[in-house]
Amino acid sequence: MLDIKLFRTDPEAVKTAVARRGDDTSAVDRVVELDSRLRTVGTERDNIRSEINGLSKQVGQLHRDGKGDEAAELQTRSKELGEREKLLSEEAEVLQDKVRHELLYIANMPADDAPDGLTEDDNVVVRVENLQDEYADHQKVPHWEVGEELGILDVDRAVKMSGSMFAMYRGAGAHLLSALITYGLDRNRDAFEQVRPPTVVKTDTMIGTGHLPKFEDDAYHLERDDLWAIPTAEVPLTSLVAGEVLDAAALPMRLMAHTSCYRREAGSAGRDTRGLLRVHEFDKVELYSFCTPEQAPDMHREILERAENAIRDLGLAHRVLDLACGDISGAGARTYDIEVFAPGADRWLEVSSVSWCTTYQARRANIRFRREGEKGTDFVHSLNGSGLAVPRVWAGIVETYRQADGSVRIPEVLQPYMGGLTEIPAPS
RNA sequence: GGAGACGUGGCCGAGCCAGGUUGAAGGCGCUUCCCUGCUAAGGAAGUAACGUCGUAAGGCGUUCGUGGGUUCAAAUCCCACCGUCUCCGCCA
C-alpha cells in the first residue's frame, strides 16, 4: 500500500498517480478525510489514556501509603475516563479499519517514467528480437495440435479429470517441461538462492503481495482451512521475511523458486482457452529480490536481463514491452513484459512480467531494513519477474521448432537437460 | 487428532503463583568515550520498534506470540486462537 503520509502532504500527487492508471480518484479523498478524523479521535484517546495512566499510578502509590480513601476517589474518576476512552477507542478502530481498507484497494503509484496510457495498446515496444518475416507452413501449426500429434500434450484427459483449462504433459512433453524448469533455475543459480516454498498459504500472506483483498475471485480458496493456492511464487517469497527488519548488508537479497501457480482466471472465461494459452495450473520459475531503493533500478534491469537471456538463448522470437500505467499490475510501479511469438497460435504470448514494486508490498507485509549506523528503519523495495513461465515457453518451442516432417527439434541449450535428446520424433 | 510443557527486547534470560515507582533485573552483543605502543583485559555512558503532536529538543500513546475479557491499573489473572517442543495416535 501507499504511504499514508503522502495523502496528508500531497494528495494531488496521489490522485495524479491513481488517475494515470485510470482508477477512481475519489478513494484518495476518502482516505484523506478518514485519516484526518482518525488523528483527531486518536489524539483525544491518547490524552485520556495518559490521564488514566497517571491516575492509576497515583492509586498504586496511595494504596502503598495506606490512603485507601483518597485512592477510591481517584479510581472513580479513572473509571469515568475509562468509559470515554472505550468509546473513542472503538471509534478510532473503526476509522483505522476504514483507512486500511481503502489503502489496500489503491494500487501502487506508477513510476514517473512509466509510459502513459490505460490499455495494453499503449504499451511501448522496447525491442523485438529474432522475429522472422515469414514462418514456414510447418511452423504454423498451433501447439495443441502438435502436442496431440506427437502424444506430448493431453488436454482432453486433463479436462476429464480437472475440467477445462487444465493441461497434462506426457512423455517427451513432460520431459521438456521439467527440462525447462531446471534450465530456468540453473541459469540463475550463480546469484539467486533457490527456495521451495509452500504453495498453499494464509490470507495474510496473500494480502502482502496485493493479491487480496482486491483479486479474491482470481484465487483458489480452500475454505475448510482458510488457505489459498498461490497464483505465483511471488506470494510466499514476499512473505519470506514479512514482519522482519533486515540488515542493509543482507541486501540485495536474491531468491528464486519453482512452483506450480494456480489461477481461477475468473475474468477470462472463454478467452484464450486453447491449449496452453491460459491454464489454471502451471509451472513457473520466479526470480525475486528485496533491495534498497538505491539498488532497485539496477536490480530491475538485472532481472529483466536474466529473464530475456533465458528466452533469447532458447532461440525464440520475442519482444520486450514497457507497460503503460493502466496495464501495470496493482503492486508494480514499473513493469516490463517479455512476450514470445508463437507462429502456430499466431500470437504473442506473455512469458515474463518483471515488476518493480517499490515499497508497496513491503508496507503491506511490513518488511524493513536498517541502514548501517542509522536509527530507525526504512521499507525495502521488492522486485519480481518470471524467470520462465513454462507452458507458454513450451508452446513457443513446440511451434517454432516444428520441422517439415512434423518432428520438433530440441533447442540446443535444452538438450543437456533432456539427456542429449535432439528432437521429439514425428509419429511413424 | 489426544496429553503435557512453553512463547518476554538484537540474542540469552529473570519477572507471572501473591496485578501497581517494570519498557521490563542480570548477562551477552553492539556504539561512543577513558585507559593502553597495538591487541586483549579493565573503567564510564549509551543501546527497541511503531503511531501521533512538535522546526527541534522533547511530550504523549501502543507493543512482553495474536485477539478478546476482568480491573482504577495486566508481561503478571481469565478465555479463545496461533506457534514451538516432548509423548501418544495416524501417515507419504
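Quick summary incoming for the structure in this document. All values reported here derive from a predicted model rather than from experimental measurement. (Residues numbered from 1 in each chain as written. Chains lettered and ligands numbered in written order. Predicted model: local features only at pLDDT ≥ 70, side-chain atom pairs only at ≥ 80, totals over all residues. Heavy atoms only, no water.)

Regarding the overall build of chain A
As a reminder, the rule being used: Only DSSP runs of H or I covering at least 4 residues are called helices, and only runs of E covering at least 2 are called strands; the numbering of each starts at the N terminus. Under the scheme applied here, a residue whose accessible area is under 20% of the maximum for its type counts as buried, over 50% as exposed, and between as partly exposed, the area being computed with a 1.4 Å probe on protein chains only. In this description, contact between two residues means that some pair of their heavy atoms is separated by no more than 4.5 Å. Surface accessibility in these figures is a Shrake-Rupley result with a 1.4 Å probe; residues are shielded only by whichever protein chains are displayed.
Within chain A one finds twelve helices and 16 strands. Reported as C-alpha extents along the three principal axes, the dimensions of chain A are approximately 105 × 45 × 40 Å. Each of the 428 residues in chain A was classed as buried or not, and the buried ones make up 49%. Within chain A, residue pairs in contact and separated by at least 24 positions form 73% of the contacts whose partners lie at least 6 positions apart. Carbon and sulfur atoms make up 46% of the accessible area of chain A, which amounts to about 20500 Å² in all.

Comments concerning the pattern of salt bridges
Side chains carrying opposite charge are able to pair once their charged atoms draw close together. Note the cut-off: Criterion for a salt bridge: a side-chain nitrogen of Lys or Arg within 4 Å of a carboxyl oxygen of Asp or Glu.
Scanning the entire structure with this criterion turns up 31 salt bridges. The residue R37 makes a salt bridge to E33 at a minimum N-O spacing of 3.6 Å. In this pair, R37 and E33 are both assigned in helix 3 (residues 26–64), four residues apart and thus about one turn of the helix distant. In this structure E33 comes out as partly exposed when scored by relative accessible area, which is 43%. Linking R187 and D313 is a salt bridge whose minimum nitrogen-to-oxygen distance equals 3.0 Å.

Digging into the sheet that holds strand 2 (residues 193–195)
Under the convention used in this document: Strands qualify as paired when DSSP identifies two bridges or more between them. Working convention: axes come from line fits to C-alpha atoms, limited for helices to the stretch in contact. Angles between N-to-C directions cover 0 to 180 degrees.
Pairing is mixed across the open sheet formed by eight strands, whose spatial order is 1-9-10-11-14-8-7-2. The sheet is open, and its two edges are formed by strand 1 (124–129) and strand 2, each paired on a single side. Strand-to-strand, the axes of this sheet are offset by a mean angle of 25°, without reference to chain direction. Relative to the sheet, helix 12 (residues 390–400) contacts strand 8 (281–291), strand 10 (334–342), strand 11 (347–356) and strand 14 (381–389), its axis offset from that of strand 14 by approximately 35°.

A short note on unusual backbone geometry
For residues besides glycine, phi is generally negative; the peptide bonds are generally trans as well. With an omega of 0°, the peptide bond running from L212 to P213 counts as cis. If you trace the backbone, P213 turns up in the loop between helix 8 (203–209) and strand 4 (221–222). The peptide bond linking L251 to P252 adopts the cis configuration, its omega dihedral lying at 0°. Within the fold, P252 resides in the loop between strand 6 (245–247) and strand 7 (253–262). Not every positive phi belongs to a glycine, and E265 is a case in point at roughly 55°. Not every positive phi belongs to a glycine, and N366 is a case in point at roughly 55°.

Quick notes on the sheet that holds strand 5 (residues 227–229)
Ordered in space as 3-5-4, the three strands form an open sheet in which the pairing is antiparallel. At either end of the open sheet lies a strand with only one pairing partner, and these are strand 3 (200–201) and strand 4. Bridge count between strand 4 and strand 5: two bridges; the pairing is antiparallel. Across the sheet, H221 pairs through a bridge with W228, a residue of strand 5.

Comments concerning the packing of aromatic side chains
Two aromatic rings are characterised by how far apart their centres lie and by the angle between their planes. We count it as follows: Pairing of aromatic rings covers Phe, Tyr and Trp, the last counted by its six-membered ring, and requires centre-to-centre distances within 6.5 Å; plane angles under 30 degrees mean stacked, over 60 mean edge-to-face, and any other angle means tilted.
The full count for this structure, using the stated rule, is five aromatic pairs. Both rings, one in Y183 and one in Y417, keep their centres 6.1 Å apart while their planes meet at 80°; by these two values the pair is edge-to-face. In this pair, Y183 sits in helix 7 (residues 172–186) while Y417 sits in the loop between strand 15 (408–409) and strand 16 (423–424), placing the two residues 234 residues apart along the sequence. Assessed through its relative accessible area of 3%, Y183 is described here as buried. Taken together, the ring pairs connect Y135, F341 and W348 into an aromatic cluster.

A short note on the state of the cysteines
Put simply, the rule reads: Pairs of cysteine sulfur atoms within 2.5 Å are what we label disulfides.
Enumeration over the complete set of coordinates arrives at zero disulfides. C357 provides the cysteine sulfur closest to C325, a residue in no disulfide bond, and the two sulfurs are 15 Å apart. This cysteine, C357, is not joined by any disulfide, and C291 carries the nearest cysteine sulfur, 11 Å off.

Observations regarding the protein's contact with RNA strand B
This is how it is decided: One heavy atom within 4 Å of a molecule or strand makes the whole residue count as near it. Each polar contact in these results corresponds to two N or O atoms within 3.5 Å; when the atoms are within protein, one needs to be able to donate a hydrogen and the other to accept it, and residues that are neighboring in sequence are counted only if both atoms are side-chain atoms. Three categories are distinguished: nonpolar for Ala, Val, Leu, Ile, Met, Phe, Trp, Tyr, Cys and Pro, charged for Asp, Glu, Lys and Arg, and polar for the others, with Gly belonging to the last.
Not every one of the 21 residues close to RNA strand B is listed here, only the nearest: R8, R39, S56, S78 and T377. Within the side chain of S78, an N or O atom sits 2.3 Å from a sugar or linking oxygen of RNA strand B. No other element matches the eleven residues that helix 3 contributes to the surface near RNA strand B. A breakdown of the residues in the surface near RNA strand B according to their chemical character gives one nonpolar, ten polar and ten charged.

Regarding the packing of helix 3 against helix 4 (residues 68–105)
Each pair of packed helices gets described by two things: the angle between the helix axes and the distance between those axes. Threshold: Between 65 and 115 degrees an angle is taken as roughly perpendicular, under 35 as roughly parallel, over 145 as roughly antiparallel, and anywhere else as oblique. In this scheme, a crossing is called left-handed if the near helix is turned counterclockwise away from the far one by less than a right angle; it is called right-handed if the turn is clockwise.
It is at 7 Å that the axes of helix 3 and helix 4 come closest, and there the two elements cross at 155°. By the angle class used here, helix 3 and helix 4 are roughly antiparallel. The way helix 3 lies across helix 4 gives a crossing that is left-handed. For the contact of helix 3 with helix 4, a count of residues per class yields 18 nonpolar, eight polar and 14 charged.

Thoughts on the side chain of K15
Tracing the sequence through the fold places K15 in helix 2 (residues 11–20). The contacts of K15, once residues within four sequence positions are left out, are T25, V28 and D29.

Observations concerning the nonpolar core
Nonpolar side chains in soluble globular proteins tend to end up buried together. In plain terms, the rule: By convention a nonpolar core is built from buried Ala, Val, Leu, Ile, Met, Phe, Trp, Tyr and Cys residues, the set being connected through side-chain atoms within 4.5 Å.
Grouped together as the largest cluster of nonpolar side chains are 48 residues, with contacts concentrated most on L180, V393 and W394. Sorting the residues of this core by element identifies helix 5 (143–150), helix 7, strand 8, helix 10 (296–313), strand 10, strand 11, strand 14 and helix 12 as the ones contributing at least two each.

Quick word on the side chain of D322
With respect to the helices, strands and loops of the structure, D322 is situated in strand 9 (residues 318–322). A relative accessible area of 8% means that D322 is categorised as buried. Contacts of D322, omitting those with residues within four sequence positions, involve P115, N123, V124, V126, R334, T335 and Y336.

A few points about the pairing of strand 11
As defined by bridge partners, strand 10 adjoins strand 11 across nine bridges and the pair is classed as antiparallel. In the sheet register, E339 faces strand 11, and the bridge partner there is E350. In textbook terms, the turn of a hairpin is the stretch between consecutive antiparallel strands, and for strand 10 and strand 11 this stretch comprises four residues, one of which, D346, has a positive phi near 55°. Sheet analysis places strand 11 next to strand 14, joined by three bridges and oriented antiparallel.

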